[in-house]
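What follows is the residue order along each chain.
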Amino acid sequence: MTERQVKRLKKRTEKKNLLPGKINFVWASAPAHTMWTADEIARLCYEHYGSRLPKQGKPEPNREWTLLAAVVKIQPTADQACDRPDRPVQVTKEVVSMGTGTKCIGQSKMRKSGDILNDSHAEVIARRSFQRYLLHQLHLAASLKEDSIFVPGTQRELWKLRPDLLFVFFSSHTPCGDASIIPMLQFEDQPCCPVSRDWANNPSVEASDNLEAPEDKRKCEDSDSPVTKKMRLEPRTPDGMAHHQSFGNQESGPNSPDVSSSNLTAEEPAAVTGMAPGGAKVVDVYRTGAKCVPGEAGDSGKPGAAYHRVGLLRVKPGRGDRTCSMSCSDKLARWNVLGCQGALLMHFLEEPIYLSAVVIGKCPYSQEAMQRALIGRCQNVSALPEGFGVQEVKIQQSDLLFEQSRCAVQAKKAENQGRLVPCGAAISWSAVPEQPLDVTANGFPQGTTKKGIGRLQARSRISKVELFRSFQKLLSSISEDKWPDSLRVQKPVTYREYKEAASTYRRAWSALRKQAFGSWIRNPPDYQQFK
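Please read all numbers here as calculations on a predicted model, not as lab measurements.

How each quantity is defined
- Note that residues are indexed from 1 along each chain, following the sequence as it is written.
- In keeping with the model being predicted, local features are shown solely for residues with a pLDDT of at least 70 and side-chain atom pairs are shown and tallied solely at 80 or more, while totals for entire chains, interfaces and linings include all residues.
- By convention in this description, side-chain values take in all heavy atoms of the structure and omit both hydrogens and water.
- Strands are runs of DSSP state E lasting at least two residues, helices are runs of H or I lasting at least four, and both sets are numbered from the N terminus onward.
- Each residue is assigned to one of three classes by its accessible area relative to the maximum for its type, calculated with a 1.4 Å probe on protein chains only: buried under 20%, partly exposed between the two thresholds, exposed over 50%.
- Two residues qualify as a contact provided that any one of their heavy atoms is within 4.5 Å of a heavy atom in the partner residue.
- Residue-level accessible areas treat just the shown protein chains as cover; the underlying method is Shrake-Rupley with a 1.4 Å probe.
- Two strands pair if DSSP finds at least two bridges between them.
- Lys and Arg are tallied as positive, Asp and Glu as negative. Neither His nor the chain termini are counted.
- For salt bridges, the criterion is a side-chain nitrogen of Lys or Arg within 4 Å of an Asp or Glu carboxyl oxygen.
- We call Phe, Tyr and Trp rings a pair once their centres come within 6.5 Å, taking the six-membered ring for Trp, and we label the pair stacked below 30 degrees between planes, edge-to-face above 60, and tilted otherwise.
- Here, a charge over a ring is recorded when the distance from Lys NZ or Arg CZ to the ring centre is within 6 Å and its angle to the ring normal is within 35 degrees.
- Here, two cysteine sulfur atoms that lie within 2.5 Å of each other are counted as a disulfide.
- Note on geometry: axes are C-alpha line fits, over the in-contact stretch for helices, and angles between N-to-C directions span 0 to 180 degrees.
- Under the scheme applied here, ten amino acids are nonpolar (Ala, Val, Leu, Ile, Met, Phe, Trp, Tyr, Cys and Pro), four are charged (Asp, Glu, Lys and Arg), and all others, including Gly, are polar.
- Helix span, as expected, comes to 1.5 Å for every residue beyond the first.
- Values of pLDDT, the confidence the predictor places in each residue, fall between 0 and 100.

## Considering the overall build of the protein
Here's step 1: Scanning the protein for helices and strands turns up 13 helices and 20 strands.
Here's step 2: By residue count, 57% of the 531 residues in the protein fall in the buried class.
Here's step 3: A fraction of 73% describes how many contacts in the protein between residues 6 or more apart in sequence connect residues 24 or more apart.
Here's step 4: Just so you have it, the protein exposes about 22,900 Å², and 48% of that area is on carbon and sulfur atoms.

## Digging into the sheet that holds strand 3 (residues 91-100)
Here's step 1: If you trace the 8 strands from one edge of the open sheet to the other, you get 16-15-8-2-3-18-19-20, paired in mixed fashion. Every interior strand has two partners, whereas the edge strands, strand 16 (394-397) and strand 20 (444-445), have only one.
Here's step 2: With 3 bridges connecting them, strand 3 and strand 18 (residues 425-430) associate as antiparallel partners. In the strand pairing of strand 18, Met-98 is matched with Trp-429.

## Some remarks on the side chain of Lys-58
Here's step 1: Inspection of the secondary structure puts Lys-58 in the loop between helix 3 (38-52) and strand 1 (64-65).
Here's step 2: Despite its burial, Lys-58 pairs with no opposite charge, the nearest such side chain being Glu-403 at 6.5 Å.
Here's step 3: For Lys-58, the contacting residues outside a window of four places in its chain are Tyr-49, Gly-50, Leu-53, Glu-64, Gln-404, Cys-423 and Ile-427.

## A look at the packing of aromatic side chains
Here's step 1: Counted by the stated rule, this structure contains 15 aromatic pairs.
Here's step 2: Through a chain of ring-to-ring contacts, three or more aromatic side chains come together here, namely Phe-348, Phe-468, Phe-471, Tyr-495, Tyr-498 and Phe-530.
Here's step 3: We note Lys-58 situated over the ring of Tyr-49; from NZ or CZ to the ring centre the distance is 4.4 Å.
Here's step 4: Directly above the aromatic system of Tyr-527 lies the positively charged group of Lys-112, at a separation of 6.0 Å from the ring centroid.

## Quick word on the state of the cysteines
Here's step 1: Applying the stated rule across the entire model yields 0 disulfides.
Here's step 2: Cys-176 forms no disulfide, and the closest cysteine sulfur to it belongs to Cys-328, at a distance of 3.9 Å.

## Considerations on the pattern of salt bridges
Here's step 1: Within the structure shown, the criterion is met by 20 salt bridges.
Here's step 2: Among the ionic pairs, Asp-119 bridges to Lys-331, the shortest N-O distance being 2.8 Å. Remark: Lys-331 occurs in helix 6 (residues 328-338) and Asp-119 occurs in strand 5 (residues 119-121); sequence separation between them is 212 residues.
Here's step 3: With relative accessibility at 5%, the residue Asp-119 sits in the buried group.
Here's step 4: Taking the shortest distance from any N to any O, the salt bridge between Glu-480 and Lys-491 comes out at 2.1 Å. Highlighted residues: Glu-480 in the loop between helix 10 (464-476) and helix 11 (485-490) and Lys-491 in the loop between helix 11 and helix 12 (495-501), separated in sequence by 11 residues.
Here's step 5: The class of Lys-491 is partly exposed, set by a relative accessible area of 47%.

## Let's talk about the packing of helix 4 (residues 122-143) against helix 6
Here's step 1: Across the interface, helix 4 lies against helix 6 with an axial gap of 9 Å and an inter-helix angle of 30°. Across the interface between the two elements, Glu-123, Val-124 and Arg-127 of helix 4 pack against Cys-328, Lys-331 and Trp-335 of helix 6.
Here's step 2: Taken together, the residues that form the contact of helix 4 with helix 6 break down as 3 nonpolar, no polar and 3 charged.

## As for the environment of Asp-399
Here's step 1: In this structure, Asp-399 sits in the loop between strand 16 and helix 9 (406-412).
Here's step 2: For Asp-399, a relative accessible area of 48% translates into the label partly exposed.

## Points about helix 8 (residues 367-374)
Here's step 1: In terms of residue burial, helix 8 counts as a mostly covered element, since 7 of its 8 residues are buried.
Here's step 2: Inspection of helix 8 places Gln-367, Glu-368, Ala-369, Met-370, Arg-372, Ala-373 and Leu-374 among the buried residues, and these make up the whole buried set.
Here's step 3: Check the buried side of helix 8 and you find it contacts strand 13 (309-310), helix 6, strand 15 (357-360) and strand 16.

## Here we look at helix 3
Residues three or four positions apart in an α-helix share a direction because the helix packs 3.6 residues into each turn.
Here's step 1: Here helix 3 contains 15 residues, and its C-alpha end-to-end distance of 21 Å stays within 8% of the 21 Å for a straight helix at 1.5 Å per residue.
Here's step 2: Here the buried face of helix 3 lies against strand 2 (68-76), strand 3, strand 8 (166-171), strand 15, strand 16 and strand 18.

## Section: the confidence of the model for the protein
Here's step 1: Scored by pLDDT, the protein has a mean of 80; 74% of the residues are at 70 or more.
Here's step 2: For residues 1-34, every residue scores under 50 in pLDDT, and the model assigns this stretch 50 contacts once sequence neighbours within four places are set aside.
Here's step 3: Per-residue pLDDT stays below 50 along residues 187-268; that stretch engages in 221 contacts with residues further than four places along the chain or on separate chains.

In structure tokens form, the structure reads like this:
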């Protein structure tokens, strides 16, 4: 889109006054190509991982792998000339939260005290770490009156994000669930035809086996799920995985397979079908280990491209014990409507904190699957409270591979070094002054014994109960007459009551469930009654 087209579209949209519930265009990110690139975001995150995260919690060399996610703050430099709108925008990029991890706990291990991490996939760890950062920034603004990412809003005692800031979400891998149901193509005699930027003009490009498949996250839980044997052109790895070629960055369109179900909702399930440019047929799909939630139409299980139905809500798999954790694709789609801040922080915010872009590292990837999973399933949601809306988040892929991803480690590992396994630990890092790091395993701080569970030191800093405690600390640092109206009127006590008192967030979530995510698994109320 040219600058002239952007200005014209912006003018038309402003006339419509961006009605609540409609797709909102984030104009701060319009000149994105002059602000940052996907490779810059990936490189920044990889460097941060290498320099700021400890050895503890990282994969054991040549034996383990992990996944990485982060939130990056984008801010124009202070010396920008306001009288030069045609000048390329110079920005500073800063990692404000980061997470690693591949695991989640089963339903039987969940605790009503809120002191365990149910979901430790990298994307979820990064988002919870981001909430910790937001809490700190609110404390700076509301209590200490210091410089912060927040500025006063128009409503009493509410805050909003500075207009010159935006946040980019990075993940080294395609999110598990719907976004990982990626077409495999057939071209000439190769059922797994590679796709590259010049694929249409150079169909003889050879396949590469240095990329990991999108179901890697669940291979640690379920390594025996079916993949059609005739599709396995490359050797299987020790844990039963075959590597396949990435579809590359498909922003421009020609490389994207023609999948007929790009705008499906949960009420309109379908299989991946169609033809890719140049006549390559979609003959199979990458499998996801995430299972359809009860109440949804299930996968057909048929061989080939019809194995999965797309657009459905899914839960992460567990080893024997079923989990209650929704897939990362579903959670990212929810954040794209409700924001990343959650219910508690909405007490202090005039509007949600949205992501302006999502960047994926080098891995099997489909632009169309990402658009469908993160945006398309919710695009018809309407009648949301003021400030909420379905965001047209920008989605890009980097060409840079995470050095501790499964496929990168596999490429370096000698054949006689044994089986490659996912790292059991998860690392959380937040841009906060006190104790920014948190390393966990099985939902508790690494090293916690059975006897120690329940003690204060056995809580992750990003567990529900600890984030709630940080929220209460923020409240106690502000005089009660300066509290938001939502908290001065209702006087909530428990975690659940505080969440329910955030009425605008609650109404937005109710509308999203009713219109798009009706089968979303919700934990019983007694898991939120802690104080």
